[in-house]
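Chain by chain, the residues run as shown.
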Amino acid sequence: MRFEDVEPVREFTWAKNGQSFAGLYYSVTAGGHVGYESWLERDRLILLDRDREVVAIASQPFWLHWHDGRRERRHAPDYFVRLANGRGRVVDVRAADRLDERTLEAFAATRRACAAAGWEFERAGVPDPVLMENVRWLSRYRRRRNAGPAEVRDRLVDVFADPKPLRAGVELVGDGLLVLPVLFHLMWSGVLAADLDGELLGTHSLVWTEGRRHWVS
């Protein structure tokens, strides 16, 4: 069985009065719900879901067992992702200020195991706050039902071939109530682009068609 198809090896925990919050996120990449145990893990899951290199995601995919010279140890990484090129990547999520000695040892053991398996290993920290706020917003429109009519999608791609403010481009296409969900879906999908880590999305944000932009001098 491929690791992206396995069930989590342990239950997700909800700590009373704790700082973490476990839950389930519907991933369009996975085609189902994927678990997380903190807001930081959820944010990384959203970013993975939008990453065009990622084609499958599983949470808590396996136990890694090793002996540290004194005792038996084990660690369940947060995510396993399959990349478009077929390679695997193991992702552990932890903020830099929470990297104690025990955690660093576990991550080092996981990195060695990944290297032996021919996989990548990534320790993911706190994402850029502006980027994350924008991607959280776009994730509301990730599902296929927001793709809208083909003629609206095609018109948006044509209109934003020349970069222009978000609202101005939408008004050239039609009614905002119909067009905006389609625009945000295309931005989530990477068909349309904007400076997501430079500023919060707004009516004046510059939007363009990815790969087709023709800058006006």
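Model, not experiment: these values are computed from the prediction.

(A) Up close: the environment of Ala113. One can find Ala113 in helix 2 (residues 101–117). Relative accessible area serves as the criterion here: at 30%, Ala113 is assigned to the partly exposed category. Ala113 sits 42 residues away from Arg71 along the chain, and the two C-alpha atoms are 18 Å apart.

(B) Examining helix 2 more closely. In this model, helix 2 (17 residues) spans 25 Å end to end at C-alpha, consistent with the 24 Å of a helix rising 1.5 Å per residue. Close packing links the buried residues of helix 2 with strand 4 (64–67), strand 5 (72–75), strand 7 (88–93) and strand 8 (120–124). Of the residues one or two after helix 2, Gly118 is the one with positive phi, at around 80°.

(C) View of the layout of surface pockets. Taken as a whole, the largest pocket holds about 780 Å³ of empty space. The wall of the largest pocket is formed by 30 residues, among which Glu37, Glu41, Val93, Arg94 and Arg98 lie closest to the centre. Elements represented by at least two residues in the lining of the largest pocket include exactly helix 1 (39–50), strand 5, strand 7 and helix 2. Looking at the lining of the largest pocket element by element, the count peaks at four residues for helix 2. Class assignment of the residues belonging to the lining of the largest pocket gives a composition of 12 nonpolar, seven polar and 11 charged.

(D) Inspection of a negative patch on the surface at higher detail. Together, Asp128, Asp195, Asp197 and Glu199 make up a negatively charged patch on the protein surface. Summarising the element assignment, Asp197 is placed in the loop between strand 10 (192–194) and strand 11 (206–209).

(E) Molecular detail of the sheet that holds strand 11. With respect to topology, three strands assemble into an open sheet ordered 9-11-10, the strand pairing being antiparallel. Of all the strands in the sheet, just strand 9 (164–165) and strand 10 have a single pairing partner and so form its edges. Two strands pair when backbone bridges link them, and strand 10 and strand 11 are joined in this way by three bridges, in the antiparallel orientation. Bridge pairing links Ala193 to Trp208 in strand 11.

(F) View of the side chain of Gln60. Considering the arrangement of structural elements, one finds Gln60 in the loop between strand 3 (54–59) and strand 4. Judged by relative accessible area, which is 1%, Gln60 ranks as buried. Here Arg10 takes part through its side chain, which lies 3.5 Å from a polar atom of the side chain of Gln60. Setting aside anything within four residues of it in sequence, one finds Gln60 in contact with Glu7, Pro8, Val9, Arg10, Phe12, Glu37, Ala76, Pro77 and Asp78.

What counts, and where the lines are drawn
- Residues numbered from 1 in each chain as written.
- Predicted model: local features only at pLDDT ≥ 70, side-chain atom pairs only at ≥ 80, totals over all residues.
- Heavy atoms only, no water.
- Helix = DSSP H or I, 4+ residues; strand = E, 2+ residues; numbered from the N terminus.
- Buried < 20%, exposed > 50% of the residue type's maximum accessible area, 1.4 Å probe, protein only.
- Expected span 1.5 Å × (residues − 1).
- Contact = heavy atoms within 4.5 Å.
- 1 Å grid on protein atoms, 1.4 Å probe; cavity = no way out; pocket = protein on both sides within 12 Å on 5 of 7 lines; lining within 4 Å.
- Points joined across faces, edges and corners; volume = space filled by probe spheres on them.
- Nonpolar A, V, L, I, M, F, W, Y, C, P; charged D, E, K, R; others polar.
- Patch = residues over 30% accessible without salt bridge, like charges linked within 9 Å, V, L, I, M, F, W, Y side chains within 5 Å.
- Areas by Shrake-Rupley, 256 points an atom, 1.4 Å probe, with all protein chains shown as cover.
- Salt bridge = Lys/Arg side-chain N within 4 Å of Asp/Glu carboxyl O.
- Lys, Arg positive; Asp, Glu negative; His and termini not counted.
- Charge placed at Lys NZ, Arg CZ, Asp CG, Glu CD.
- Pairing = 2+ DSSP bridges.
- Polar contact = N/O pair within 3.5 Å; in protein donor to acceptor, adjacent residues only side chain to side chain.

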